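Structure at a glance
One-letter residues, chain by chain:
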Amino acid sequence: MTRTGKHTLAMLAALIVVAGNAPTVSAQDERGYLFPNTPLGIDFNGWISNGYTYNSDEPPSRYNGPMSFNDRDDEWQLNQLYFVMQREIDTSENMIDIGGRMDFIYGTDSRFTKAVGLELNQDGTPGLNAGQRFYQMAFPQFYTELGIGDLSIKAGHFYTIIGYETVTAPDNFFYSHAYTMQYGEPFTHTGVLTSLALTDNLTLMNGIHLGWDIFNVNNTAPAFANRGSYLGGVNMAMMDGLVNLAVTGTAGNELDASGVNYQSRTLISVVATTQLTDNIQSVIQSDIGRQLGGSGVTPGRNAEWYGVNSYLFMQLTDTVKGGLRCEWFRDDDGARVAGVGNGNPSGVGGFAGDFYEVSAGVNWSPLGNLIVRPEMRWDWYDPAAGIAARPFNDGMRGGMFTSAVDAILLW
């Protein structure tokens, strides 16, 4: 039997085991059903997400180039063992309420959620996970939240509000992630964020944070002093809820490509979600970012990145949903896309030019708390003039084909 055939059988067997041992619940059950009626309204929930990716190039390093999260070829990855403790605020009666949330993640995805001064040392080297190659832990969220009528105030460490895709596996359709999410946007912030519902269809968000994926930078050198950046946006529901528009962004001083100097960085993201029919949904996202002196190719040159993601989802049956993602991401100056993920080959990138990817997949939910996500993905790279480096197959190719599947079991 071929290598691919053996791995296909192994994947199917693993999925059958997971499905056979999953608790029987209805699709209406929500996360946290294993711990009902906890004191003070505190919910405990989580999930386990694990999967396998096959790269047709079979790179010797088993590194799938700049594709992140499912970045290992021919290896079964425990991506997320995830635990959440949360108390949601309830101000439906215009009362004051206090809540909060704490997240813990263990697995290979933890490498992409780390913050400087928390899981990383202030010089960017591993702190909490020192010596661990792929399987690491992180605390991507811990915050308190105060609700006063239509106003909520969140303070602490939390996921970004920017963009469409997110770290938490059950909240994404695809196993793999877009370049935009990995290289064009922050993962977490530390600071304060307010959310004000002006009407049922209009919400404003405003806040201040310490920087992209920074918990605390308090070095003696003036260049590493904590800096404040703006974070905010607006969510609008239109046409009786059939169209939702989210415009978010951040602006402030961030570390440039040198890793020493702070320069002005601005990012704006627009996400438009449209319910075309009862069973078909469209999502279009466009990001544009710029940093002064942030170029990875020409020192001192400004860095720019921008792109468009298009998603189309169709509910095929009660338990099966199909999806398509098409992406163009322009790293204009080679400052954003590079090899990432502790344990993978270092010194890869930057890659000035255009990245494209097309992903097609299915979500199958045979049980209320089980999601199986097979997908196929094509990546290719169009380098800028004069760029000889290639991002795929250990620097040998400008394109890549992968097939993958993962399973998410929620509790």
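Residues numbered from 1 in each chain as written. Predicted model: local features only at pLDDT ≥ 70, side-chain atom pairs only at ≥ 80, totals over all residues. Heavy atoms only, no water.

1. What to know about the overall build of the protein
- Scanning the protein from N- to C-terminus turns up two helices and 16 strands.
- Residues counted as buried form 46% of the 411 residues belonging to the protein.
- Across the protein, contacts joining residues at least 24 apart in sequence account for 63% of those joining residues at least 6 apart.
- Per element, the accessible surface of the protein, about 18,100 Å² overall, is 59% carbon and sulfur. (Helix = DSSP H or I, 4+ residues; strand = E, 2+ residues; numbered from the N terminus. Buried < 20%, exposed > 50% of the residue type's maximum accessible area, 1.4 Å probe, protein only. Contact = heavy atoms within 4.5 Å. Areas by Shrake-Rupley, 256 points an atom, 1.4 Å probe, with all protein chains shown as cover.)

2. Considerations on a nonpolar patch on the surface
- Among the surface-exposed residues, Phe44, Met85 and Met102 lie close enough to one another that they form a single nonpolar patch of about 250 Å² accessible area.
- Following the sequence through the fold, Phe44 ends up in strand β1 (residues 43-55). (Patch = residues over 30% accessible without salt bridge, like charges linked within 9 Å, V, L, I, M, F, W, Y side chains within 5 Å. Salt bridge = Lys/Arg side-chain N within 4 Å of Asp/Glu carboxyl O.)

3. Some thoughts on the nonpolar core
- Counting 20 residues, the largest nonpolar core has Tyr179, Trp305, Phe329, Val337 and Phe355 as its most contacted members.
- Core analysis: the next-biggest nonpolar cluster, separate from the first, contains 15 residues, Phe69, Tyr82, Phe112 and Val167 among them. (Core = buried A, V, L, I, M, F, W, Y, C linked by side-chain atoms within 4.5 Å.)

4. So, the pairing of strand β16 (residues 399-410)
- Counting buried positions over the 12 residues of β16 gives 10, a clear majority of the element.
- As defined by bridge partners, strand β15 (residues 370-383) adjoins β16 across 11 bridges and the pair is classed as antiparallel. Paired with Trp378 across the strands is Phe401, a residue of β16. (Pairing = 2+ DSSP bridges.)

5. Remarks on the packing of aromatic side chains
- The tally for this structure, following the rule as stated, stands at 22 aromatic pairs.
- Plain terms: the ring middles of Phe351 and Tyr381 are 5.9 Å apart, the flat faces sit at 75 degrees to each other, and that makes the pair edge-to-face. Of this pair, Phe351 sits in the loop between β13 (320-331) and β14 (353-367) while Tyr381 is found in strand β15, placing the two residues 30 residues apart along the sequence. An identical accessibility class is assigned to Phe351 and Tyr381; each is buried.
- An aromatic cluster is present here, built from Tyr164, Phe173, Phe174, Tyr311 and Phe313 joined pairwise through their rings. (Phe/Tyr/Trp six-rings, centres within 6.5 Å; stacked < 30°, edge-to-face > 60°.)

6. Points about the environment of Phe139
- Within the element layout of this structure, Phe139 appears in strand β4 (residues 136-148).
- Relative accessible area serves as the criterion here: at 30%, Phe139 is assigned to the partly exposed category.

7. Thoughts on the confidence of the model for the protein
- Overall, the prediction assigns the protein a mean pLDDT of 85, with 80% of residues at 70 or greater.
- For the stretch residues 1-30, pLDDT sits under 50, and the model shows 29 contacts to residues farther than four places along the chain or on other chains.
- Taken together, the stretch residues 220-224 has pLDDT below 50 and engages in 10 contacts with residues farther than four places along the chain or on a different chain. (pLDDT = per-residue confidence, 0-100.)

8. Things to note about the pattern of salt bridges
- Applying the stated rule across the entire model yields 15 salt bridges.
- A salt bridge links Arg62 to Asp74; the nearest nitrogen and oxygen atoms lie 3.7 Å apart. Of this pair, Arg62 sits in the loop between β1 and β2 (76-87) while Asp74 is found in the loop between β1 and β2, placing the two residues 12 residues apart along the sequence.
- In this structure, Glu75 and Arg62 form a salt bridge, with 3.8 Å as the shortest nitrogen-oxygen distance. Of this pair, Glu75 sits in the loop between β1 and β2 while Arg62 sits in the loop between β1 and β2, placing them 13 residues apart in sequence.
- We classify Arg62 as partly exposed; its relative accessible area is 35%.

9. Focus: the environment of Tyr52
- Along the chain, Tyr52 turns up in strand β1.
- When its relative accessible area of 4% is taken as the criterion, Tyr52 is described as buried.
- Put simply, Tyr52 and Asp74 are 22 residues apart on the chain and 6.8 Å apart in space, counted from C-alpha to C-alpha.
- A polar contact of 3.1 Å, which involves the side chain of Tyr52, links it to the side chain of Asp74. (Polar contact = N/O pair within 3.5 Å; in protein donor to acceptor, adjacent residues only side chain to side chain.)

10. Notes on unusual backbone geometry
- Even without glycine at this site, Asp74 takes up a positive phi of about 55 degrees.
- The backbone phi angle of Met239 is positive, close to 55 degrees, even though this residue is not glycine.
- Along the polypeptide, Met239 turns up in the loop between β8 (229-238) and β9 (243-255).
- The exposed category is assigned to Met239, whose relative accessible area is 60%.

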